[in-house]
Amino acid sequence: MKALFLDRDGTLGGSDEIKYPGEFELYSGVPSSIRRLKQQGVLLFSFTNQPGISKGLSTLEDFGEELRGFGLDDVFVCPHSPAAACNCRKPRTGMIEQACEKYNLSPGECVVIGDRIKDIEAAYNAGCLAVLVLTGSGEDSYTYLLEDGGTPVDYVAEDFNHAVNWLLSFK
């Protein structure tokens, strides 16, 4: 594992709804987990759809400043509305491809952690390991996976900290 793609809302903090920079708070223990990952040399990337940017509700710069302030190495944000049909909006793989090219990574060396089916689908479509957290929309996503099948998930974690503990158990 060389890099993690981290969903923001519902995974690192907030809730199952978008909270804009200045309103967003990390879940308990997340700063410590981020430090542990950094100490192991793991690259940390944001991996988030933020359509409010295209509506003028926030800016890429605001999200970038916030996410880098949390200790992430780089910020990959899809600012487009769902109607834009862009390649970067999850479950498409554009953000993963961009980061892998920029940092000379293979998707097989990367892990996606997220709370929504879109996160898991993007991981699967790109060839990354997929970890579903049960925070945010994770409970609903997990129920959907159990009842309706769909994209396979490699691991289900109680929260981000639990996911990090599991991932670091292999290092």
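Throughout this description, residue numbers start from 1 for each chain and increase along the sequence as written. In keeping with the model being predicted, local features are shown solely for residues with a pLDDT of at least 70 and side-chain atom pairs are shown and tallied solely at 80 or more, while totals for entire chains, interfaces and linings include all residues. Only hydrogens and water are set aside; all other atoms, that is, all heavy atoms of the structure, feed into the side-chain values.

**Quick word on the sheet that holds strand β1 (residues 3-6)**
Adjacent strands of a sheet pair through backbone hydrogen bonds, lying either parallel or antiparallel.
In step 1: Overall, parallel pairing links the five strands, which are arranged β2-β1-β5-β6-β7 in an open sheet. Of all strands in the sheet, those bounded by a partner on one side alone are β2 (43-46) and β7 (155-157). Each strand axis lies, on average, 25 degrees off the axis of its neighbour in the sheet, ignoring direction.
In step 2: Should DSSP find at least two bridges between two strands, the strands are taken to pair. Only DSSP runs of H or I covering at least 4 residues are called helices, and only runs of E covering at least 2 are called strands; the numbering of each starts at the N terminus. For strand β5 (residues 110-114) and strand β6 (residues 129-133), the ladder comprises four bridges, and the chain directions are parallel. Among the inter-strand pairings, Val 111 is bridged to a residue of β6, identified as Leu 129.
In step 3: Along the sheet face, helix α6 (residues 160-168) touches β1, β5, β6 and β7 and points at about 145 degrees away from the line of β6. To get an axis, fit a line to the C-alpha atoms, keeping to the stretch in contact for a helix; angles then go from 0 to 180 degrees between the N-to-C directions. Throughout, a contact is declared for two residues whenever any of their heavy atoms are within 4.5 Å.

**A closer look at the side chain of Asp 9**
In step 1: Note that Asp 9 resides in the loop between β1 and α1 (30-39).
In step 2: Any pair of N or O atoms that falls within 3.5 Å is considered a polar contact. Within protein, one atom must be able to donate a hydrogen and the other to accept it, and sequence-neighbouring residues count only if both atoms are side-chain atoms. In terms of polar contacts, Asp 9 uses its side chain to reach the side chain of Arg 8, at 2.8 Å.
In step 3: A polar contact of 2.8 Å, which involves the side chain of Asp 9, links it to the side chain of Gln 50.
In step 4: If we ignore the near neighbours within four places in the chain, the residues touching Asp 9 are Ser 15, Glu 17, Ile 18, Lys 19, Phe 24, Thr 48, Gln 50 and Asp 115.

**What to know about α1**
Since one α-helical turn is 3.6 residues long, residues separated by three or four positions face the same way.
In step 1: Residues of α1 that are buried include every one of Val 30, Ser 33, Ile 34 and Leu 37, and no others. The buried residues of α1 occupy one face: seen down the axis, they fall within an arc of 100 degrees. Facing away from the buried side of α1, by more than 90 degrees, are the exposed residues Arg 35 and Gln 39.
In step 2: Looking at the buried side of α1, the elements it contacts are β1, β2 and α6.
In step 3: A positive backbone phi angle near 80 degrees is found at Gly 41, which sits one or two residues after α1. Each residue gets one of three labels from its accessible area relative to the maximum for its type: buried under 20%, exposed over 50%, partly exposed in between, using a 1.4 Å probe on protein chains only. What the arc covers is the set of directions going from the helix axis to the C-beta atoms.

**Focus: the environment of Ala 84**
In step 1: Within the fold, Ala 84 resides in the loop between β4 (77-78) and α3 (94-103).
In step 2: When the C-alpha atoms of Ala 84 and Asp 140 are compared, they prove to be 26 Å apart, with 56 residues separating the residues in sequence.

**Some thoughts on the packing of α1 against α6**
In step 1: Running from N to C, α1 and α6 cross one another at 20 degrees; their axes reach a closest spacing of 9 Å. Considering the angle they form, α1 stands roughly parallel to α6. For α1 against α6, the interelement crossing comes out left-handed. Contacts from Val 30, Ser 33, Ile 34, Arg 36 and Leu 37 of α1 reach α6 at Phe 160, Asn 161, Val 164, Asn 165 and Leu 168.
In step 2: Among the residues forming the contact of α1 with α6, the class breakdown is six nonpolar, three polar and one charged. The labels follow the angle: roughly parallel below 35 degrees, roughly antiparallel above 145, roughly perpendicular from 65 to 115, and oblique for the rest. Crossing handedness follows the turn of the near helix against the far one: under a right angle anticlockwise gives a left-handed crossing, and clockwise gives a right-handed one. Each residue receives one of three labels: charged for Asp, Glu, Lys and Arg, nonpolar for Ala, Val, Leu, Ile, Met, Phe, Trp, Tyr, Cys and Pro, and polar for the others, Gly being one of them.

**Considerations on a negative patch on the surface**
In step 1: On the surface, a cluster of negative charge is contributed by Asp 16, Glu 17, Glu 139 and Asp 140.
In step 2: Within the element layout of this structure, Glu 139 appears in helix α5 (residues 138-148). Only residues whose relative accessible area exceeds 30% and that take part in no salt bridge are eligible for patches, with like-charged residues grouped when within 9 Å of each other and nonpolar side chains (Val, Leu, Ile, Met, Phe, Trp, Tyr) grouped when within 5 Å. Reported accessibility uses the Shrake-Rupley method at a 1.4 Å probe radius. Residues are deemed covered only where the shown protein chains occlude them. Here a salt bridge means any side-chain nitrogen of Lys or Arg lying within 4 Å of a carboxyl oxygen belonging to Asp or Glu. Charge convention: Lys and Arg are scored as positive, Asp and Glu as negative, and His as well as the terminal groups of each chain are ignored. To locate a charge, take atom NZ for lysine, CZ for arginine, CG for aspartate or CD for glutamate.

**Thoughts on the pattern of salt bridges**
Pairing is possible between side chains that carry opposite charge, provided their charged atoms lie close to one another.
In step 1: Taken as a whole and assessed by the stated rule, the structure comprises eight salt bridges.
In step 2: Put simply, Asp 7 and Lys 90 hold a salt bridge, and the shortest N to O gap is 2.9 Å. Taken together, the residues span a long stretch of sequence, with Asp 7 in the loop between β1 and α1 and Lys 90 in the loop between β4 and α3 at a distance of 83 residues.
In step 3: Residue classification places Lys 90 among the buried positions, given a relative accessible area of 4%.
In step 4: For Arg 68, the salt bridge goes to Asp 74, with nearest N and O atoms at 3.4 Å.
In step 5: Its relative accessible area of 45% is what places Arg 68 among the partly exposed residues.

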